[in-house]
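Spelled out from the first residue to the last, the chains are:
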Amino acid sequence: MTGVAQGQQHSVSSTAAPNAAQPAPKRQLQAVRISTPPKLDGLLNDEVWQSAPVASQFYELEPTPGRPEKHPTEVRILYDDAAIYVGAIMHDVSQDSIFRELSARDHIGNSDWFGVFIDTYNDHLNGYEFLLTPGGVQIDRRNSPATGEDGNWNAVWDSRTTLQGNDWVAEMRIPFSAIRFSNAPEQVWGLNFGRQRRSTRQKFFWNEVKPQVSGFVNQWGELTGLRDLKPPLRLSLTPYVSTYVDHYPFNEQGKRNTATSFNGGADVKWGINESFTLDATLVPDFGQVQSDNQVLNLSPFEVQFNENRQFFTEGTELFNKGNLFYSRRVGATPIGFGQVGGQVRPGSHEADGSRQSGEFVLENPGTTPLLNATKVSGRTSKGLGVGIFNALSNNVYATLQDSTTGARREVLTQPFSNYSIVVFDQSLKNNSFVSLINTNVTRAGNTYDANVTGGLFRFANKANRYALDGRLIYSNRRGKAFNSDQEISDQNGYKYFLNFGKISGKFTWNVDHGIESHTYNPNDLGLLFSNNKISQSLNANYNIYTPFWKVNRLTTHANLLYTMLQQPLLRYQSTTLYFGANTTFTKNFISTGINGDASPLNRDYFDPRRTPIGEYYVRLPANVGLHGYLSSDYRKKFAYDFSYGLRFYAADGDRTGRNNFSATLSPRYRASNQLSFIYNLHYELRRNQIGYAGGLNRSQPEDAALLAAFGRDVLLGRRTVTTITNTATATYTFTNRMSFNVRMRHYVSNVHYLDFTRLRPDGVETPVAYQRNRDNTFNAFNIDAVYSWWFAPGSQVSVVWKNAGATLLEANAATPLYFDNLSNTINTPHNNSVSVKVLYFLDYLALRPRRA
């Protein structure tokens, strides 16, 4: 979904005035207090609306910044003791010019929209967005320096829309319980209104937003006339009940193919005071979230999955400061999940020649269930943001079973754990801030704990043209590795980063320098793919945001990045030059861009999987990459997205012909304002790739001799990797509160090895006559079908069907034939799950007895 504030970090107004890089003057609108609330019907014919001043004369942001709107917008604001009311009339040419595709909540689709933007503490950094489409679809977001526009935040508010002649009307009721503000007797809030006319691809704001000025919230106007507001008691309970039916065809004696479960829990939201809110989820149930996109991972780093659990995506802007919180760590795969096989008692031969059967893994849970999770967050009237997060997970056990007697025993794979985060974030003048973040993981039993502490700052000058950003982070791990008597190796580590540059205007630039020590490790609650790096870069951007020639705008960038190892000190790692440009054509609104990079000979110290880092590395010969995309106009019933990638490598000795190619085609068809289809085909080919070929296994005859000869040396393989992903999505939206969505995905990746080499220290490779077949093919197939009905504000019924299956074919079983893989995947056993979940929102303010 395109952000309403897209492109506003750097750009320039349509006028050539000397102060074009300065924010526009702040406009003011007075809110009117009322004693009788208007009827929420989308008509605005209540007498109270006529008493309020009108905000009008919006200014265009896209495609031509600074132009006054041609078709007026009129907005009024009222308030009482319980809520703020927003009424808006959007004049247009005709009803046919008002685009109004229905979509799920928080998705705009091919539609117009009207929005109100509120900065309740007027700190010019943090704000709320409430948007409404002509079809009545609600969209709400939070704005913050940490996350920009955060669409995962959800509030409970009410609204109505109507079509009246050539106009459309939006009426909103935003209860004070949905937002946070101070209890000062008289207040001034930051305020802006926005509007999109989809028919002309125009976006407008009441207080002009200049795209070349750094920041968004700092460019809003002001709402005055707010007096004697009393922050209400914010207390709500959202209990849930859910039931699951899971089917997997084990077809084994004594093992049921079908299992059922019934769950219950609740989410609690309590406004501790006017500034802070407690959110808690008790016995959470995340079984209905979208399935992860499983992939074959040949890299030395873990796969980063999207967070789909609402509790961990909503209202987390404070906890995301410094990128130290990867929420998928909470409830993740148990830390001992991969060690279970090593604890199985193998079969043995007795002295009398008989054989004693061993054990096998009966069950090894891949996720850690949570007992509860709690967030406390908010911001004081002085601009101090405070966030506290805590979650508890229970012990997790794998079950081993004796092959002969059937006796079972449990093996601990995840001890009882506590996850916590504390954040202090002080807003300063001139769009600046300082922050302190601490993350901690404490585990029961004889294993290690982890703690990370970081300080961040951003100081911008008064003109908002230059800024200095920095961070200093310390990681500390103490104790023994899980299931080991060895002390954890990376006990103390650090990271620092400094960036200075010009942040506003057509031309912007910055320089930065950073170090991540070889023992820096925030991964118990964060995500870092690789440490041990010294980096410095020079970055420049030149952007034109006013239409010229045949395009609406042009953005360009160039970046030079140089990295070395921190240990061994200053050992060369990589040099890369990045460059690119993006634009949108004026008449047909086709967007296109091209991005490239070029590198000399680089060194990959991580692919060999040998520690300490620095002795072994894989040579990456000089290479040039080119990537581009083309996206057509989504206003049309049929639209498409196309992207491609090319990479060519120089010859490396007698190795030639190494290159990569990828292409993605994604057509979409909107059959009506209710029914739409999207198909995505991705193809990727990597020829003659050199990489780690996997570990050597002493039980394999081909490996035994190499193990004896190699020592610490590494087996590399030259391989061809082919990956094809097909994803199809269909959505039918019955009303603005009810929708049905089905998503199907098939992924196949085939790896074929051509030859092998022995990697010695300092990147030296020598050929080896290795005959073991290391080819493999990975398939994953998923179906997610979701019916969702918001039957009341904050209350929902959802019915979800999931179908999932995956296969890994190795050696002679691996096949590069796509349709053979598809057929094999469909015909292998799949797990099927059907669930029904009901949430009901209970608001204390609505339930309490009314005074006579």
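Because the structure is predicted, anything quoted here is derived from the model rather than measured.

A. Up close: empty space enclosed by the protein. In the structure shown here, the tally under the stated rule is three cavities of 30 Å³ or more. Its boundaries defined by the atoms lining it, the largest cavity holds a volume of some 150 Å³. Considering the residues around the largest cavity, the lining is formed by 13 residues, among which Tyr121, Asn126, Tyr128, Arg142 and Arg379 are closest to the centre. Listed by contribution, the elements that provide at least two residues to the lining of the largest cavity are strand E7 (127–132) and strand E21 (370–379). Each residue belonging to the lining of the largest cavity can be placed in one class, and the counts come to three nonpolar, four polar and six charged.

B. Examining the sheet that holds strand E11 (residues 167–175) more closely. Read across the open sheet, the five strands follow the order E2-E4-E5-E11-E10; overall the sheet is mixed. Looking at the sheet topology across the chains shown, the edges are occupied by strand E2 (32–33) and strand E10 (158–164). Relative to E11, strand E5 (residues 83–91) runs antiparallel, the two being bridged by nine bridges. If you follow Gly87 over to E11, its bridge partner there is Glu171.

C. Fine view of the sheet that holds strand E20 (residues 359–363). Ordered by their spatial adjacency, three strands build an open sheet running E20-E23-E24, and the pairing between neighbours is antiparallel. Strand pairing shows two members of the sheet lacking a second neighbour, E20 and strand E24 (408–414), which therefore form its edges. For this sheet, the mean inter-axis angle between neighbouring strands, taken without regard to orientation, is 35 degrees.

D. Focus on helix H3 (residues 818–827). When H3 is considered as a whole, its buried residues turn out to be Tyr818, Asn821 and Thr825. Projected down its long axis, H3 shows its buried positions confined to an angular sector of 65 degrees, all on one face. Every exposed residue of H3 that faces more than 90 degrees away from the buried side is listed here: Phe819 and Asn827. Buried residues belonging to H3 abut strand E41 (714–735), strand E42 (738–759), strand E44 (776–792) and strand E45 (795–810).

E. Representation of helix H2 (residues 701–710) within the structure. Of the residues making up H2, those classed as buried are Asp703, Leu706 and Phe710. Buried residues in H2, looked at end-on, bunch into an arc of 65 degrees, giving them a common side. In H2, the exposed positions angled more than 90 degrees off the buried face are occupied by Pro701, Ala705 and Ala708. As for H2, its buried residues are in contact with E41, E42 and strand E43 (765–768). One or two positions beyond H2, positive phi appears at Gly711, with a value near 65 degrees.

F. Focus on the confidence of the model for the protein chain. Averaged over the protein chain, the pLDDT score is 91; the fraction of residues at 70 or greater is 96%. Scored below 50 in pLDDT, residues 5–18 shows 53 contacts in the model against residues more than four places distant or in partner chains.

G. Representation of unusual backbone geometry in the model. With omega at -5 degrees, the peptide bond leading from Glu62 into Pro63 counts as cis. By the element assignment, Pro63 lies in the loop between strand E3 (59–62) and strand E4 (73–79). Following Gln567, the chain continues to Pro568 via a peptide bond in cis, the omega torsion being 0 degrees. Looking at the secondary structure, you find Pro568 in the loop between strand E32 (551–565) and strand E33 (571–585).

H. Expanded view of the pattern of salt bridges. Inspection of every chain in the model, using the stated rule, returns 39 salt bridges. With its nearest N and O atoms 3.7 Å apart, the salt bridge here joins Glu149 to Arg141. For Arg141, a relative accessible area of 3% gives the class buried. The shortest N-O distance in the salt bridge between Arg477 and Asp524 comes to 3.0 Å. Here Arg477, found in strand E28 (residues 466–478), pairs with Asp524, found in the loop between strand E30 (507–516) and strand E31 (533–544); they are 47 residues apart in sequence, far enough to count as distant.

I. Expanded view of the environment of Thr243. Examined against the element boundaries, Thr243 turns out to sit in strand E15 (residues 235–247). For Thr243, a relative accessible area of 32% gives the class partly exposed. In the structure, Thr243 is positioned 317 residues away from Leu560 in sequence and 54 Å away in space, judged by C-alpha atoms. Thr243 has contacts with Ser261, Phe262, Val834, Ser835 and Val836, leaving out every residue within four places of it along the chain. In this structure the side chain of Thr243 is engaged in a polar contact, spanning 3.2 Å, whose partner is the backbone oxygen of Ser261.

The rules behind the values
Residues numbered from 1 in each chain as written. Predicted model: local features only at pLDDT ≥ 70, side-chain atom pairs only at ≥ 80, totals over all residues. Heavy atoms only, no water. 1 Å grid on protein atoms, 1.4 Å probe; cavity = no way out; pocket = protein on both sides within 12 Å on 5 of 7 lines; lining within 4 Å. Points joined across faces, edges and corners; volume = space filled by probe spheres on them. Helix = DSSP H or I, 4+ residues; strand = E, 2+ residues; numbered from the N terminus. Nonpolar A, V, L, I, M, F, W, Y, C, P; charged D, E, K, R; others polar. Pairing = 2+ DSSP bridges. Axes fitted to C-alpha atoms, helices over the stretch in contact; angles between N-to-C directions. Buried < 20%, exposed > 50% of the residue type's maximum accessible area, 1.4 Å probe, protein only. Arc of directions from axis to C-beta. Contact = heavy atoms within 4.5 Å. pLDDT = per-residue confidence, 0-100. Salt bridge = Lys/Arg side-chain N within 4 Å of Asp/Glu carboxyl O. Polar contact = N/O pair within 3.5 Å; in protein donor to acceptor, adjacent residues only side chain to side chain.

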